[in-house]
Amino acid sequence: MKIPFKRRLMKLGVATAALFTFIGFSAQSAKADKVKIQPMFTYGESLNTSQFNQTKQLLGVANGTTEIPVAINELNGLLQDNYPYYQVYSSTYITPADNNGGVTVEIKTPDTITSITRLQYENAAITAGAVDVDIKVASAVPVDGSGALAGVYKAFQKSGKTLNSEAVGVAQDELNTAVQITADNKDKQGYSDESLNAAIADIKEQIQNYKDKNGGSIDNNQIQVIINNVINNYNLNGVLSDENLNQLNQLMQRFSKIELSDEQKQALSNLGDKIRETGQGIADKAKETWNNLSDDQKAEVTGLWDKIVQFVKDTWNSLLNIFN
């Protein structure tokens, strides 16, 4: 079915917003050290034999790889939550790589990982202090992906890294906050999950930037100023409720107390470089799309296009202020 033109252009705006979520990072463990790992396969204990073998094949697990089971009764401890889990299917294959200090994630079965995103898995690895690793994720049945997220934490614990429980708790708090705000605003005009995730990433970046310039400290008033400015930049003011804003404030207060290592800050800078490179490509494609429109089509969507352009400009300027 052919997608109406206006919807296609709206998708361009959403894709642009989603791009900027890539710079985000969940709460990091305090002064995490580099963790060198050997290839590891973490798998959910709910898999039957056939599903186990299928998952290994999907992930491309090499012979001799260390296999780490993730049990249902471990999930609360690993994820620092109290959700009543009753199954665990999602699995990961973690391998060392030359990624210029970065972490790459590929979800091999996007149709069966229904909630947790590539970015959130990447953040879990960074929280564990990981650098130079590739992570592949898969599940034999549709699940939210918590088992794989827990598997990432467990894998790095097995490598000798004791995770900071407060950092893991904040990472889960961020995930839960984003899910709750999206549920509160589902189908509300002017809201998108992509914009919220981009805003959360931007808020965290600005908090860290402020701390770096002010002796490592930031007070709640300044956190609120940053939240308000970013929410306005992403056109979410008047969309999010006071309760939503309070949830963000509480989350960011916890996040602000976590100290990042120099290595982690450099990893963020590297991600910023990727964003700038990718962003230019998206801008070029957007320009090409616009130039190929008829005059009638341009007239129809001028107002929407202006909003998209302003959104990109505001977000881009925010990124440049952070990394310059």
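My aim in this report is to walk through the structure given alongside it, one point at a time. As the structure is a prediction and not an experimental result, all values here were calculated from the model. (Residues numbered from 1 in each chain as written. Predicted model: local features only at pLDDT ≥ 70, side-chain atom pairs only at ≥ 80, totals over all residues. Heavy atoms only, no water.)

## Some details on the packing of aromatic side chains
By the definition in use, this model includes four aromatic pairs. For the pair Phe41 and Tyr43, a centre-to-centre distance of 5.5 Å together with 25° between the ring planes defines the contact as stacked. In this structure Tyr43 comes out as buried when scored by relative accessible area, which is 18%. Feature note: the residues Phe41, Tyr43 and Phe52 constitute an aromatic cluster, connected by ring pairs. In this structure, Lys204 is placed above the aromatic ring of Phe255, and the distance from its NZ or CZ to the ring centre is 5.9 Å. (Phe/Tyr/Trp six-rings, centres within 6.5 Å; stacked < 30°, edge-to-face > 60°. Buried < 20%, exposed > 50% of the residue type's maximum accessible area, 1.4 Å probe, protein only. Lys NZ or Arg CZ within 6 Å of the ring centre and 35° of its normal.)

## Details of unusual backbone geometry
Phi is positive for Gln80, close to 55°, though the residue is something other than glycine. Following the sequence through the fold, Gln80 ends up in the loop between helix H3 (75–79) and strand E3 (91–96). We classify Gln80 as partly exposed; its relative accessible area is 39%. Its identity as a non-glycine residue notwithstanding, Asp187 has a phi of 70°, on the positive side. As for its position among the elements, Asp187 is in the loop between helix H6 (165–184) and helix H7 (193–213). (Helix = DSSP H or I, 4+ residues; strand = E, 2+ residues; numbered from the N terminus.)

## As for the pairing of strand E1 (residues 40–44)
For a regular strand, side chains alternate in direction, first toward one face of the sheet and then toward the other. The buried count for E1 comes to five of five residues, which makes it a mostly enclosed element. Of the two faces of E1, the one carrying Met40, Thr42 and Gly44 and the one carrying Phe41 and Tyr43 are both buried. Pairing geometry for E1 and strand E2 (residues 66–70), over five bridges, is parallel. When the bridges of E2 are listed, Thr42 appears paired with Ile68. For the handedness criterion, the β-α-β arrangement of E1, helix H2 (residues 49–59) and E2 is classed as right-handed. Note that E1 and E3 share three bridges and pair antiparallel. Note on E3: the bridge partner recorded for Phe41 is Tyr93. (Pairing = 2+ DSSP bridges. Right-handed = clockwise from strand over helix to strand, strands pointing away.)

## Focus: the nonpolar core
With 42 residues, the main nonpolar core has Val103, Tyr121, Ile135, Tyr153 and Phe156 as its most contacted residues. No other element matches helix H5 (residues 146–158), which puts seven residues into this core. When sequence neighbours within four positions are dropped, the list of residues in contact with Val103 reads Glu122, Ala125, Ile126, Ala130, Val131, Val133 and Ile135. (Core = buried A, V, L, I, M, F, W, Y, C linked by side-chain atoms within 4.5 Å. Contact = heavy atoms within 4.5 Å.)

## Some remarks on the sheet that holds E3
Across the sheet, five strands lie side by side as E2-E1-E3-E5-E4; this open sheet has mixed pairing. Looking along the sheet, the strands with just one partner apiece sit at the ends: E2 and strand E4 (103–107). Between one strand axis and the next, the sheet turns through 15° on average, direction left out of account. Across the sheet, H5 touches E1, E2, E3 and strand E5 (133–138), and the angle it forms with E2 is around 130°. (Axes fitted to C-alpha atoms, helices over the stretch in contact; angles between N-to-C directions.)

## Details of the packing of H7 against helix H8 (residues 220–233)
Where H7 contacts H8, the axes come no closer than 9 Å and their chain directions differ by 140°. Between H7 and H8, the interaxial angle falls into the category oblique. Where H7 crosses over H8, the two elements pack in a sense that is right-handed. Mapping the contact onto sequence places Ala199, Asp202, Ile203, Gln206, Ile207 and Tyr210 in H7 and Gln222, Ile223, Ile226, Ile227, Val230 and Ile231 in H8. Here the residues of the contact of H7 with H8 are counted per class, giving nine nonpolar, two polar and one charged. (Parallel < 35°, antiparallel > 145°, perpendicular 65-115°, else oblique. Left-handed = near helix turned anticlockwise from the far one by under 90°. Nonpolar A, V, L, I, M, F, W, Y, C, P; charged D, E, K, R; others polar.)

## Side note on the environment of Gly190
Following the sequence through the fold, Gly190 ends up in the loop between H6 and H7. When its relative accessible area of 51% is taken as the criterion, Gly190 is described as exposed. Considering only alpha carbons, one finds Gly190 and Leu240, 50 residues apart in sequence, at a separation of 9.6 Å. Beyond its immediate chain neighbours, meaning those up to four positions away, Gly190 contacts Asn235, Leu236 and Val239.

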